[in-house]
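Okay, here's what each chain looks like letter by letter:
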Amino acid sequence: DGFTAEKLFNQGFSYTYDDVIFLPNYIDFPADDVNLSTKLSRNVNLSVPLVASPMDTVCESAMAISMASLGGIAIIHSNTTAAAQASLVRTAKSRRFPVLHNPVFLPPSAEITSTDDFADSPFILVTESGNPKSSLLGYVSRQDWINSEANRSDKGSSRVHDYLVEAPVTVPWSYDLVKIDQTLSEKKTNSVGLVSDDGELVDLVTEDDVVRAKGYPKVLAKGSVGANGEWLVGAAIGTREEDKERLEQLVKAGVDVVVLDSSQGHSIYQLEMIKYVKNVYPEIDVIGGNVVTMNQAESLIQAGVDGLRVGMGSGSICTTQEVCAVGRGQATAVFKVSSIAYKSGIPVIADGGISNSGHVVKALSLGASTVMMGSFLAGSTEAPGAYVYQNGQRVKKYRGMGSLEAMTKGSDQRYLGDTAKLKIAQGVVGAVKDKGSVLNFIPYTLQAVKQGFQDIGACSLQSAHDLLRSKELRLEVRTGAAQVEGGIHGLVSYEKKYF
Ligand code: XMP
């Protein structure tokens, strides 16, 4: 019944996730028993197959901490200076509490004139001299300030000192939820400052943060931690000469894996960079890509990659297929590249085009070991940038790294367009609805993925890959009408007040 993947993907069509559907198999285990542990690359093990994409509206330190605490991993983008990127890696690796703010520092004598003074943070940290190296006095809460401003008759600037909540207790930045919780009750305080190894104040954790962190659905007892007890963190680099200097700084910051970030990875630049990384930093895994064909994959494997990133033009903000006429349907690309990569034991990352848990099940069952996501994680609390209200909806910006806006900041290297006089966009800028914290919604995605695995009779990723190769995983193409049937259809809107 149905087709094998081998047969389906060899008929001259480029299929994406929505084009195909799996046929169910026999179930002899509960969904909770499905083991999703996997490999990102040859030597990087994860307990959850999810990766945050190296994009500047998706992945900085906050995302890295949350993804690692969930058991996945994040790749810090490179659309900034080498020093700033290394500092994002260092911040992510040093923290153990899963919530991070980017607070503004001010002295008590400073004035607050608008909520802009808080930037993206829920509070301003107040130190003696207003810089992170001087002693913590306390904080001004954004909400308190807004509330009291609303009740104030004399509008105008207000002094930090007048809103200061005293909170001088500090702890090392490596304190986890349990230790911070203990400190709050022992010291009878409702917040603690986090101080780096160099004695610099970096953040504040409040009682509210602790309550929220305790309330997130539990996925794992421990997230993705390396041998030294720090979170696993990846970073993207390019393939230019100056990326060697960037790499050195990232390695010093403790990066665990690097991703060579290119929209078309089968190039002389990438082959040389793979060899360079393997030669100079044999202890660091290097992931190559992006690729979509077996030939591209073979070439990068020969050069020594530890992982392959698959996808070209499948991302939600991508226009590569339209602008350059090159790419491949993502289901076909994942199956084809995986079918060559597994022979050399190289894990595949299915990158782009994930918009629901079913897509994750499809990517992993077609041979990928992890999925990389941009839009799925954009709009979350952990994604960089501030929320704004647009037509009554709370949204955050999400942009392609090939959009003109992102390329102006330097990401054109990803498209090898750095020497071109005219910049051609291969991506767009958009906005994504507020989704809340990834710590809250990713556990639901994972549970749904486990149920999908149960339906096809796979109790682990390995077992899904075995079913694929033993031809026990059967699938079919969905016609347009079958796709409509598979979605919600035939209903009028449901208004609760009438029922
Ligand atoms: P999703 O669908 O998860 O896709 O939002 C994220 C992936 O899309 C790729 N990417 C781009 N591709 N133009 C492109 O053609 C772009 O501007 C662009 N920016 C990101 C990238 O692989 C990412 O992981």
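Residues numbered from 1 in each chain as written. Predicted model: local features only at pLDDT ≥ 70, side-chain atom pairs only at ≥ 80, totals over all residues. Heavy atoms only, no water.

Q: Hey, could you run me through the overall build of the protein in this one?
A: When its secondary structure is counted, the protein shows 17 helices and 25 strands. By the compact-globule yardstick of 23 Å for 499 residues, the protein fits well, its C-alpha radius of gyration being 24 Å. In the protein, which comprises 499 residues, the share counted as buried stands at 53%. Only carbon and sulfur atoms are counted for the fraction: they give 51% of the accessible area of the protein, which is about 22,300 Å². Put simply, the protein has 47 plus and 55 minus side-chain charges, and the middle of one group is 3 Å from the middle of the other. (Helix = DSSP H or I, 4+ residues; strand = E, 2+ residues; numbered from the N terminus. Rg over C-alpha atoms; globule rule 2.2 N^0.38 Å. Buried < 20%, exposed > 50% of the residue type's maximum accessible area, 1.4 Å probe, protein only. Areas by Shrake-Rupley, 256 points an atom, 1.4 Å probe, with all protein chains shown as cover. Lys, Arg positive; Asp, Glu negative; His and termini not counted. Charge placed at Lys NZ, Arg CZ, Asp CG, Glu CD.)

Q: Whenever I open this one, the site of the ligand confuses me. Can you help?
A: Lining the immediate environment of the ligand, one finds 26 residues, of which Cys318, Thr320, Asp351, Tyr398 and Gln426 sit closest. Between an oxygen atom of the ligand and a side-chain N or O atom of aspartate 351, the distance comes to 2.5 Å. Here glycine 402 contributes a backbone N or O atom positioned 2.6 Å from an oxygen atom of the ligand. Surface burial for the ligand is 97%, taken as the share of its 520 Å² of free accessible area covered by protein chains. Within the shell around the ligand, the residues separate by chemical class into eight nonpolar, 15 polar and three charged. (Near = heavy atom within 4 Å. Polar contact = N/O pair within 3.5 Å; in protein donor to acceptor, adjacent residues only side chain to side chain. Nonpolar A, V, L, I, M, F, W, Y, C, P; charged D, E, K, R; others polar.)

Q: Would you explain the pairing of strand β21 (residues 370-373) in this entry?
A: On any regular strand, side chains alternate: one points to one face of the sheet, the next to the other face. Residues Thr370 and Met372 of β21 are buried on one face, and the alternating residues Val371 and Met373, pointing to the opposite face, are buried as well. Here strand β5 (residues 50-52) pairs with β21 via three bridges, running parallel. Each residue of the ladder has a partner; that of alanine 52, found in β21, is methionine 373. Where strand β20 (residues 348-351) and β21 come together, three bridges link them in parallel fashion. By the bridge assignment, isoleucine 349 is partnered in β21 with threonine 370. With helix α13 (residues 357-365) bridging β20 and its parallel neighbour β21, the resulting β-α-β unit is right-handed. (Pairing = 2+ DSSP bridges. Right-handed = clockwise from strand over helix to strand, strands pointing away.)

Q: Explain a nonpolar patch on the surface to me, please; I cannot follow it from the model alone.
A: A contiguous nonpolar surface patch, about 310 Å² in accessible area, is contributed by Val323, Leu422 and Ile424. For valine 323, the location among the structural elements is in helix α11 (residues 320-324). (Patch = residues over 30% accessible without salt bridge, like charges linked within 9 Å, V, L, I, M, F, W, Y side chains within 5 Å. Salt bridge = Lys/Arg side-chain N within 4 Å of Asp/Glu carboxyl O.)

Q: Whenever I open this one, unusual backbone geometry confuses me. Can you help?
A: When glycine is set aside, most residues are seen to have a negative phi, and most peptide bonds are trans. A cis amide bond links glycine 289 with the next residue in sequence, asparagine 290, at an omega value of 0 degrees. Within the secondary structure, asparagine 290 sits in strand β18 (residues 285-291). Phi is positive for alanine 325, which is not a glycine, with a value near 65 degrees. In this fold, alanine 325 is placed in the loop between α11 and α12 (330-341). Backbone geometry at asparagine 391 places phi at a positive 50 degrees, although glycine is not the residue there. With respect to the helices and strands, the residue asparagine 391 is situated in the loop between β22 (388-390) and β23 (393-399).

Q: How should the UniProt feature "binding site: IMP" (unreviewed entry) in the protein be read in this particular structure?
A: The feature "binding site: IMP" (unreviewed entry), as annotated in UniProt, sits at Ser316, Asp351, Gly352, Gly353, Gly374, Ser375, Tyr398, Arg399, Gly400, Met401, Gly402 and Gln426 in this numbering. Structurally, arginine 399 can be placed in strand β23. Those residues within four positions of arginine 399 in sequence are excluded, and the remaining contacts are Met55, Asp56, Thr57, Asn79, Ile317, Glu405, Ala406, Lys409, Val428 and Val429. Within the structure, the side chain of arginine 399 is placed 2.7 Å from the side chain of aspartate 56, a separation counted as a polar contact. (UniProt positions renumbered as here; feature names shortened; annotations may be inferred. Contact = heavy atoms within 4.5 Å.)

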